[in-house]
Amino acid sequence: MLQLNVKNETSRLRAVVLGSAVNNGPTPTADEAYDPKSLEHILAGTYPVEEDMVNEMEAFNKVFQKYDVKVFRPEMIENYNQIFTRDIGFVIDDVFIKANILPDRNRELDAIQYVIDQMNPAKVVRPPEDVHIEGGDVMLWNDYIFIGTYKGSDYKDYITARTNMQGVQYIKDLFPNKIVKEFDLVKSKLEARDNALHLDCCFQPVGTNKGIIYKSGFREEADYVYLVKLFGKENLFHITRDEMYHMNSNVFSIAPDVVVSEKNFTRLNNWLREQGFTVEEIPYAEIAKQEGLLRCSTLPLIRD
């Protein structure tokens, strides 16, 4: 039986589901694109090829092996993108929450059923149908649960709006003892540089008291100010619009002092080292073309 335990983003990782790029399928058509960044690369003819993505994910897997992390992989579905496991479910404390994702991605949950079967069934929940919530929008910080959402009245028109206010309320009801704070995110169907697909596209804690943040990812300045007050401005690394586009806030922590990052994130990686972090640099720029990066590819199950 898996003893699920995740209370924050940075405690020492022991078990994780890492996505897979094997048998990823053909390049989608423009009509099939879920986000503006994928669309941009489909139209430009620069959409990533399977071999490159498999190699990138294997580099990530090697880092997990180095730190003796138990890694589960999804069972293979032919011609299907299974890279972004963060979308399909997430753990809060000792509860596994299945996400109500875009309907045509339900098969991804079936592919990790063998992992779910190792959990206490009483600790596995699925929200009602009107509740939309994806793991990229859910960020744990000990007593806090930060949730990215979109409060615009045109929510239903945005395929990039993934977590609704019913999702926020669901988590509040499930964890009444936590401080649940939602953040209204900027969305765009057409311009990837102005689209915070999930909260981890514009904010993520690192270490015990620091974070990476993109101010313009928040529709309300008050939401940005909330995080500045909580973490302290001197503890936050502010990324640019271009760095947000390249997913600089979507790194992944293996421990409070170990961060896996993309090797091209020079400014961020230098800052992390200055703050005393060990930075495990890997190539992930091809996967980033699908508006997802390291945090998106992982579903942590057990941290210390």
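Residues numbered from 1 in each chain as written. Predicted model: local features only at pLDDT ≥ 70, side-chain atom pairs only at ≥ 80, totals over all residues. Heavy atoms only, no water.

## Here we look at the sheet that holds strand S7 (residues 144–149)
- Pairing is mixed across the open sheet formed by three strands, whose spatial order is S6-S7-S8. Two strands close off the open sheet at either side, each with one partner strand: strand S6 (138–141) and strand S8 (179–184). For this sheet, the mean angle separating the axes of adjacent strands, direction not counted, is 20°.
- Here four bridges tie S6 to S7, and the two strands are oriented antiparallel to one another. Each residue of the ladder has a partner; that of Met 139, found in S7, is Phe 146.
- Strands in contact with helix H5 (residues 165–174) are S7 and S8; relative to S8, the strand with the most contacts, it is inclined by about 170°.
- In this fold helix H6 (residues 221–231) packs onto S6, S7 and S8, with an angle of close to 135° to the strand it touches most, S8. (Pairing = 2+ DSSP bridges. Helix = DSSP H or I, 4+ residues; strand = E, 2+ residues; numbered from the N terminus. Axes fitted to C-alpha atoms, helices over the stretch in contact; angles between N-to-C directions. Contact = heavy atoms within 4.5 Å.)

## Here we look at the nonpolar core
- In terms of nonpolar packing, the biggest core is built from 58 residues, with Phe 60, Phe 64, Phe 146, Leu 199, Phe 203 and Phe 218 touching the most fellow members.
- With five residues, helix H2 (residues 50–66) is the single largest residue contributor to this core.
- Among all residues touching Phe 64, those that are not within four sequence positions of it are Leu 13, Val 16, Leu 18, Val 69, Val 71, Phe 252, Ile 254 and Thr 298.
- Core analysis: the next-biggest nonpolar cluster, separate from the first, contains 36 residues, Val 17, Tyr 170, Phe 175 and Ile 302 among them. (Core = buried A, V, L, I, M, F, W, Y, C linked by side-chain atoms within 4.5 Å. Buried < 20%, exposed > 50% of the residue type's maximum accessible area, 1.4 Å probe, protein only.)

## Focus on the pairing of strand S9 (residues 203–206)
- Across the two faces of S9 the burial is the same, with Phe 203 and Pro 205 and Gln 204 and Val 206 all buried.
- Pairing between S9 and strand S10 (residues 210–213): four bridges, direction antiparallel. The partner of Gln 204 across the bridge, within S10, is Ile 212.
- Here S9 folds back onto S10, and the loop between the two strands holds three residues, one of which, Gly 207, carries a positive phi near 65°.

## Brief notes about the packing of aromatic side chains
- The tally for this structure, following the rule as stated, stands at 13 aromatic pairs.
- Aromatic side chains Phe 146 and Phe 183 sit 5.7 Å apart centroid to centroid with 75° between the ring planes, which places their arrangement in the edge-to-face category. Taken together, the positions of Phe 146 in strand S7 and Phe 183 in strand S8 put the pair 37 residues apart, joining distant regions of the chain. For the pair Phe 146 and Phe 183, one class covers both residues: buried. (Phe/Tyr/Trp six-rings, centres within 6.5 Å; stacked < 30°, edge-to-face > 60°.)

## Considerations on the pattern of salt bridges
- In this structure the tally under the stated criterion is 15 salt bridges.
- For Arg 14, the salt bridge goes to Asp 304, with nearest N and O atoms at 2.8 Å. Of this pair, Arg 14 sits in strand S1 (residues 13–18) while Asp 304 is found in the segment after strand S15 (298–303), placing the two residues 290 residues apart along the sequence.
- Owing to a relative accessible area of 36%, Arg 14 belongs among the partly exposed residues under this scheme.
- A salt bridge links Glu 281 to Arg 273; the shortest N-O distance between them is 2.9 Å.
- On the accessibility criterion, Glu 281 (35% relative accessible area) is partly exposed. (Salt bridge = Lys/Arg side-chain N within 4 Å of Asp/Glu carboxyl O.)

## Structural notes on the side chain of Ser 253
- With respect to the helices and strands, Ser 253 occurs in strand S12 (residues 252–255).
- Look past the residues within four positions of Ser 253 in its chain and what remains in contact with it is Glu 9, Thr 10, Val 206, Val 258, Val 259 and Arg 303.

## What to know about the pairing of S10
- Here S10 shows two buried faces, one formed by Lys 210 and Ile 212 and the other by Gly 211 and Ile 213.
- The pairing of S10 with strand S11 (residues 236–238) spans three bridges and is classified as parallel. By the bridge assignment, Gly 211 is partnered in S11 with Leu 236.
- Remark: the S10/H6/S11 crossover connection has right-handed handedness. (Right-handed = clockwise from strand over helix to strand, strands pointing away.)

## Section: the sheet that holds S10
- Taken in spatial order, the three strands of this open sheet run S9-S10-S11, and their pairing is mixed. Edge positions in the open sheet fall to S9 and S11, since each of these has one partner strand only. Neighbour to neighbour, the strand axes of the sheet diverge by 20° on average, direction disregarded.
- Contacting S9, S10 and S11, helix H8 (residues 266–274) runs over the sheet at an angle of about 165° to S11.

What is shown is where atoms sit, not what they do.
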